[in-house]
Amino acid sequence: MNRFKASRFRHAAAKPARKEAWIKDIRAGSATSCGNHIKSSCCLIAFNTDSAGVLGIVPLESQDRGKRAVSQLCCHSDVVTDFDFSPFDALLLATGSADETVKVWRLSESGQDLPSCPGMTLGPAGCQVETLQFHPTADGILVNGAGRTAKVWDVAQQKPLTALEPHGDLIQSVAWKQDGALLGTSSKDKKLRIFDPRTKPAAAQSIQGHANNKDSRLLWMNASDYVLSVGFSQMREREVKLWDTRRFSSSLVSITLDTSPGAAIPLWDPDTGLLVVAGKGENLLYCFEVCPSLPALMPVTQYLTEGKAKGATLVPKRALDVMSCEVLRVLQLTDSFIIPISYTVPRKSLQEFHEDLFPDSTGPVPAVSAQGWWAGDNKQVEKMSLNPAHRPRETFTSCLFPPARREEPAPPAAQHLAARSGDVDRSEGSSLSSPPSSMSSPSSSAPSLSTTSPSQKSLQSILGPSSKFRHALGTLLPRGTHITNLKGLNLTTPGESDGICANRLRVAVPLLSAGGQIAVLELSKPGRLPDTSVPTIENGTPVADFCWDPFDLQRLAVAGDDAKIRLWRIPPGGLQEMLLEPEAVLRGHTEKIYSLKFHPLAADILASSSYDMSVRIWDLQAGREKLCLRGHRDQILSLAWSPDGRKLATVSKDGRVRVYVPRQSLEPEQVRGRSLPPGGWRGGHDGARAVGGPGGSSLRGTGVPGGVFGQQQREWATMCSALPSQSCAPTPGSQSCPEFALRSPFPFVTGQGRGSCTGSVGGIGWGVTGLSPQQEGPGPEGGRGARLVWVCGGRYLLVSGFDSRSERQLYLSDAASLAAGPLAVLSIDTAPSTLIPFYDPDTSVVFLTGKGDTRVFVYEVVPEAPFFLECNSFTSSDPHKGFVFLPKTECDVREVDFARALRLRQNSIEPVAFRVPRVKKDYFQDDIYPATAVCWEPALPAAAWCAGTDGQHRTISLQPRDMTPVSAAPQDVPSRKYVPASVYLEEKSDEQKKEELLSAMVAKLGNRDDPLPQESFEGVDEAEWD
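Nothing here was measured: the structure is a model prediction, and the numbers come from that model.

Quick notes on the rules
Residues numbered from 1 in each chain as written. Predicted model: local features only at pLDDT ≥ 70, side-chain atom pairs only at ≥ 80, totals over all residues. Heavy atoms only, no water. Helix = DSSP H or I, 4+ residues; strand = E, 2+ residues; numbered from the N terminus. Buried < 20%, exposed > 50% of the residue type's maximum accessible area, 1.4 Å probe, protein only. Areas by Shrake-Rupley, 256 points an atom, 1.4 Å probe, with all protein chains shown as cover. Pairing = 2+ DSSP bridges. Core = buried A, V, L, I, M, F, W, Y, C linked by side-chain atoms within 4.5 Å. Contact = heavy atoms within 4.5 Å. Axes fitted to C-alpha atoms, helices over the stretch in contact; angles between N-to-C directions. Phe/Tyr/Trp six-rings, centres within 6.5 Å; stacked < 30°, edge-to-face > 60°. Salt bridge = Lys/Arg side-chain N within 4 Å of Asp/Glu carboxyl O. Patch = residues over 30% accessible without salt bridge, like charges linked within 9 Å, V, L, I, M, F, W, Y side chains within 5 Å.

Asker: Could you clarify how one ought to interpret the overall build of the chain in this entry?
Answerer: Broken down by element type, the chain carries 7 helices and 72 strands. Put simply, the chain has 1026 residues, and 53% of those count as buried. For the chain, the accessible area works out to roughly 46,700 Å², and carbon and sulfur atoms hold 50% of it.

Asker: Please clarify how the pairing of strand 45 (residues 593-598) should be interpreted in this entry.
Answerer: Regular strands show a simple pattern: their side chains alternate between the two faces of the sheet. Along strand 45, 5 of the 6 residues are buried, which leaves the element largely enclosed by surrounding structure. Strand direction decides the pairing type here: strand 45 and strand 46 (residues 605-610), joined by 5 bridges, are antiparallel. Residue pairing for strand 46: L596 is matched across the bridge by S608. What sits between the antiparallel neighbours strand 45 and strand 46 is a turn of 6 residues, in which D604 has the positive phi angle 65°.

Asker: I tried to follow the nonpolar core on my own but got confused; where do I start?
Answerer: Note on soluble globular proteins: their nonpolar side chains tend to be buried together. Core analysis: the largest hydrophobic core is formed by 28 residues, its most contacted members being V276, L285, V327, V330, I341 and Y343. Those elements giving two or more residues to this core turn out to be strand 23 (264-269), strand 24 (274-279), strand 25 (284-291), strand 26 (296-304), strand 27 (311-314), strand 28 (326-333) and strand 29 (338-344). Leave out the neighbours within four places in its chain, and L285 touches V276, V277, A278, T301, Q302, Y303, T305, V330, I341 and Y343.

Asker: Can you help me understand the sheet that holds strand 19 (residues 217-220) in this one?
Answerer: Hydrogen bonds between backbone groups are what pair the strands of a sheet, and the pairing can be parallel or antiparallel. If you walk across this open sheet you meet the 4 strands as 19-20-21-22, and the pairing is antiparallel. Here the strands that pair on one side only, and so sit at the sheet edges, are strand 19 and strand 22 (253-258). Between one strand axis and the next, the sheet turns through 20° on average, direction left out of account. As paired strands, strand 21 (residues 238-244) and strand 22 are joined by 5 bridges and run antiparallel to one another. The residue of strand 22 that forms the bridge with V240 is I255.

Asker: How should the sheet that holds strand 46 be read in this particular structure?
Answerer: Strand order in the open sheet made by the 4 strands is 45-46-47-48, with antiparallel pairing throughout. Only two strands of the sheet have a single partner each, and these edge strands are strand 45 and strand 48 (624-629). Across the sheet, the mean angle separating the axes of adjacent strands is 25° when strand polarity is ignored. Where strand 47 (residues 615-619) lies against strand 48, 5 bridges are found, and the strand directions are antiparallel. Bridge pairing in strand 48 places D619 opposite R624.

Asker: Which parts of the structure should I look at to understand the packing of aromatic side chains?
Answerer: Two numbers describe a pair of aromatic rings. These are the distance of the centres and the angle of the planes. This structure, assessed with the given rule, holds 22 aromatic pairs. Aromatic side chains W176 and W373 sit 5.7 Å apart centroid to centroid with 90° between the ring planes, which places their arrangement in the edge-to-face category. Of this pair, W176 sits in strand 15 (residues 171-176) while W373 is found in helix 1 (residues 370-374), placing the two residues 197 residues apart along the sequence. Of the residues examined, W373 reaches a relative accessible area of 0% and is grouped as buried. Between F874 and F883, the ring centres sit 6.5 Å apart and the planes meet at 50°, which makes this aromatic pair tilted.

Asker: So what exactly am I meant to see when it comes to the side chain of H37 here?
Answerer: Following the sequence through the fold, H37 ends up in the loop between strand 1 (13-16) and strand 2 (38-40). Look at H37 and you get buried, because its relative accessible area is 5%. Setting aside anything within four residues of it in sequence, one finds H37 in contact with A31, A46, F47, N48, F83, K280, K310, G311 and L333.

Asker: Sorry if this is basic, but what is going on with the environment of N283 here?
Answerer: Looking at the secondary structure, you find N283 in the loop between strand 24 and strand 25. Given a relative accessible area of 26%, N283 falls into the partly exposed group. Separated by 25 residues in sequence, N283 and K308 place their C-alpha atoms 4.6 Å apart. Aside from chain neighbours lying at most four places away, what touches N283 is Y303, L304, T305, G307 and K308.

Asker: Would you explain the pairing of strand 49 (residues 636-641) in this entry?
Answerer: Counting buried positions along strand 49 yields 6 of 6 residues, so the element is predominantly enclosed. For strand 49 and strand 50 (residues 648-652), the ladder comprises 5 bridges, and the chain directions are antiparallel. Directly across from S638, in strand 50, lies its bridge partner V651. In this antiparallel pair of consecutive strands, strand 49 and strand 50, the connection spans 6 residues, and G645 shows a positive phi of 75°.

Asker: How should the pattern of salt bridges be read in this particular structure?
Answerer: Side chains that differ in charge, positive against negative, can pair when their charged atoms come close. Throughout the structure, instances matching the rule amount to 52 salt bridges. Here R193 ties to D189 by a salt bridge, and the two come within 2.7 Å at their closest N and O atoms. In this pair, the class of R193 matches that of D189, namely buried. With a closest N to O distance of 2.8 Å, R808 and D853 form a salt bridge. Of this pair, R808 sits in strand 61 (residues 808-814) while D853 sits in the loop between strand 64 (845-849) and strand 65 (855-861), and the two are 45 residues apart along the sequence. Per residue, the accessibility class of R808 equals that of D853, and both read buried.

Asker: How should I be thinking about a nonpolar patch on the surface in this particular structure?
Answerer: On the surface, a nonpolar cluster with roughly 300 Å² of combined accessible area is contributed by L997, L998 and M1001. Position of L998 among the secondary structure elements: in helix 7 (residues 990-1005). Owing to a relative accessible area of 43%, L998 belongs among the partly exposed residues under this scheme.

Asker: Teacher, can you tell me more about the environment of T344 here?
Answerer: With respect to the secondary-structure elements, T344 resides in strand 29. Judged by relative accessible area, T344 falls into the partly exposed class, the value being 27%. Sequence separation between T344 and A12 is 332 residues; the distance between their C-alpha atoms is 5.4 Å. Apart from residues lying up to four places away in sequence, T344 is in contact with H11, A12, A13, S324, C325 and E326.

Asker: I tried to follow unusual backbone geometry on my own but got confused; where do I start?
Answerer: Residues other than glycine predominantly adopt negative phi, and peptide bonds predominantly adopt the trans conformation. Here the residue pair G123 and P124 is connected by a cis peptide bond, since its omega of 10° sits within 30 degrees of zero. Relative to the helices and strands, P124 resides in the loop between strand 9 (120-122) and strand 10 (129-134). Residues L294 and P295 are joined by a peptide bond in cis, for which omega reads -15°. In this fold, P295 is placed in the loop between strand 25 and strand 26. The phi torsion at N222 lies on the positive side, around 60°, for a residue other than glycine. Of note, N222 is situated in the loop between strand 19 and strand 20 (226-232).

Structure follows, in C-alpha cells:
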C-alpha cells in the first residue's frame, strides 16, 4: 500500500498563454545580482531592463485585450539589484541598487505617468544592496541585505530599527516567516541563519547549508517551523533541501535537480504548498508539492519553456483566474518577452468554485503598524475567500505616503481664460507625458528681469505660469527619412561626449573598431546602408570627442586619447573611400582630451579641455595654441562659450563652475615699461599673481622642473634679463637654475609635477597674471558628470548634474554672480547618464536627455521665478544612444516645427521634429519664429577676435514668401452665444405645430373623397353562379 496520500495537484499541468497574450517589445537586462529580476503585484509587473538603473513597468492585465504599453521607471543611478512590491498596497514598490540606496515608489494603477522622484530614500547602505523584502504582516517594515549586513527599516521614519549581526560573507537572500516573527538569511559563507530581530541582533540559530558558496536562497514554509533552501552541492549540482528549525542540525529531505550552472529561483505558494523552481539561463521549470509532515518533496510536473529565463516570479493569488482552476501563474522573463505560464488542475466543472483547490488566502489589509510590530504585536493578517462571489472588494493604501493627487479641474473662469490664452488645436491628442518634478529655489530673493502685464498676472494667479510650448509634440518622421542598417556602433564613448554630431549636411558617429573609425553619413541620402562596410575616417586612436565646424561644413575636429586634435576635411560629395590623413594635427595637451567646442562667432577658433586640467584655445588658421586657461583642481566635465563669444564657462569634478574671460590675458601687465611675454606665464594655476614689494629683488620658489616647466623657466629667464638692477640669488634648500630660484604658495601644474612662483624686483611692484577664472561658484554636488549651457541671452548658466544622492538635477545660476550659488534647482529623476542640454535661443526652450534614456525633457527657461516652465516630454519605446539637434533652418515652419533632432538608435538614425499644435497652420507663426541668427556664417575672423574685436551674427526671417504672419491674419468673428428675441417671437405654439403635422400627413395620403381602387372592379355575372 502506498504510504503517500494521493495529491489533488498530481494532475496539474503547465500551459503557456497564447502568444497574443505575451508581453512583447521589452529589452530585459542581464545584471548579475541575487534578485529574481521580475516581480508582480495584483495589477503591475516590474522587471529589469537593459539600461542600468531602469525598471520596466507594465500592467498585469491588458485592457480590452489590447497591447500593453511598457513604461520605464528611472529609479537609480546604477544597476537595480532587487525590488519588491508591498503585499498589501499593489502600487508600492521598493527598489535596491548598486548605488547603495533603497527607494520606495508609488506607481500609478495604469503603469503610465510614472514618478520621477521616489517617495522615500533609505541609505546609503555603505555597499551594494543585494536583496530586500517587505514584512508579511506589518505595513512599512522592510528588510534589506547589503554586503554582510541586514537592516530592518521603519520606512515611514526612514530609519533602521535594527542592524543584524554581520555575516561571514555576502548576504544572498532574506526571508520573513509568514507570521512576521522571525527572519531567515542565506549567505556566501554557506550558512543559513535564523534571527529574531526584535529580541537581539545576533543569530538565534545557524547551520551549514549548501557545500558550494554559489547563489543560495532561503524560504519559510508558511508560519511553520520548516524552511526550504536551494543552492549548489560540492559537485556543483543544484539541490533543494527541507529543514526543521527545531532540529536544525541536518536537513529532513535533500533532492538533486541537475548540474545546470544557472542560479535556482524558488517560487513558493503557501496556500497550495506547491514549489516551482526556475533557473537563470534555463528553460526548464520544476514543480514539487512540499509535504513537511511526511517529510517529502513530491514531483508534480516539469515544463520545458520556449525561451531561456532571465528571471521568474509568481502572480499573487488574488489575481488568478480561480474559476478556470488556475492554481499558479508563473511569469517568465526572457530577452524580448514576458511569458505567462498557468498551472491548472483539470476539473469536470468550471462553473463552480472549487474550495479544495483554493483555501482562504492572506488578505490585502496589514494586521499591525510598523510601531506596533516593533513593540511586540504578533497579530496576524486576516484571511479572505478567493471565491469571486464572496471576495471582499476593499483595497488598502499604505500610510507611508499618500497616493498621487489628481489635478483638480479649473474653475469655469480659468477654463475660459485658458481657452483664449493660446491658439492650440485641442483636437490633436498627445501621447507624450509631462513628468512631475520638484523645484527648489535656494535664493529667496530672485531678481525680476522682465515685466508682466496686469492681464498676464491675473491669468497666472489663477492657472500659474505656463509656457506656450507646453503642448509641444515630439514626432518621429516617416521611415523614408531614416538611415538604417547602421552596424558596429561604438557605445563606449566617454560621458563628456555626445556620441553623435551633425550639421545640416552630414552626421558623424563613432564605430566600434580598431583605429578609432568614424562613419560620416549624408543626410540627403536616407535609407538602408549597404551590408558591406561604409567609407570611414581612420582617426588612428580611440575617439574621445568630435564636432563639426559651424562655419565650414566640410571640417570635422576629432579629439583622441593620445592628447591630439585632428582636423579632417570631408570631400564635397561625402566620403567615397577611407580617409587616412588629417588636414592638420594640433598638439599641446599632455593628457587625454575630453571636450571640443568651436567659437560661436569667430572662424577658426576652437576650445578643448583635457585631463591635464587645462582649457586650451586654438587658432586653426595659424595651426597653434593661442591661450591656455588654468585654475581647475579636478577633471573638467564640460565647457561652453557665451553667446557673445567673450566668455568661456566650465564645470569640473571638484563641484565648481568657473567663468573665464580669455582675451584679458592678451593685454599684458607692464613691468617698468616692458611687457611680459604674450599670454603671460603659462604655468600659472589657480590664477597665481606674483607681486613684488619694497626691498631687494628676488624670485624664489619650489617645484618640480621639467616638462612644460622647462619652457616656463626660459620665459621667466627672458623676463628677468629685461628687469633692471635685479638679483636672483638661489634660496638654500630649493631647486634653482642659473638665472633664478623659485618659491611660491600658489601651486601650478607642470608636465611632471607641481610648483609656483612669486617675486619682487628692485622695490618695484610687478605682477604676472595667469589665465585664471574671472569668477567661480558652486556647481553640482555629485561627481558622476555634468554639462552646462548659457541661457537667456547669456545672463544665466544652466548646469545639469547630480546631487549627493545621484539624482539628476538642473542648476540655474546668475552668470554675473556665481559665488552666490544657484537661483533655482530642479530635480528631474534618477538615472545613471548625464543629461545633455540643447538650448534654442529663439524660443528659450531647453531640451535635456542622456545617452541610454528613453525620454527627452523639455522646459522653457524664463528669466524670473519659477525659471523653469515644464512642457510635454518626448518618450520613445527603446533607449537612444545619442540625441543631437540640427540648425534652425532645418525646421519645417509649415508644420510649426520649432526644433529638429536626430535620434541615434542601436542600428539606425531617426529624425524627430518638435512641433507646436496650431489651428491656423496656413499662416506663418511669427510668435514661434522670431528672426534667427545666421549661425552658419562667421561674424569675424580669428585674428580680429584675438585682437579684442567682438562681432554679432546678422539675423534673417524664416517666413516663406507665400505665407502671411498669423499676427496679420483676419480675426474670426465670434459666434453668438445667445438666441435673438425675434426667434422666440416667431415660435409657434404646440397647437400650431400639431395642425401643421397633421396637414402634412394628410397631404401625403391624398384626398379622402376619392373612390377606392376596388370600387371600380366589375363583379361576377349572376348566370355564372349556376
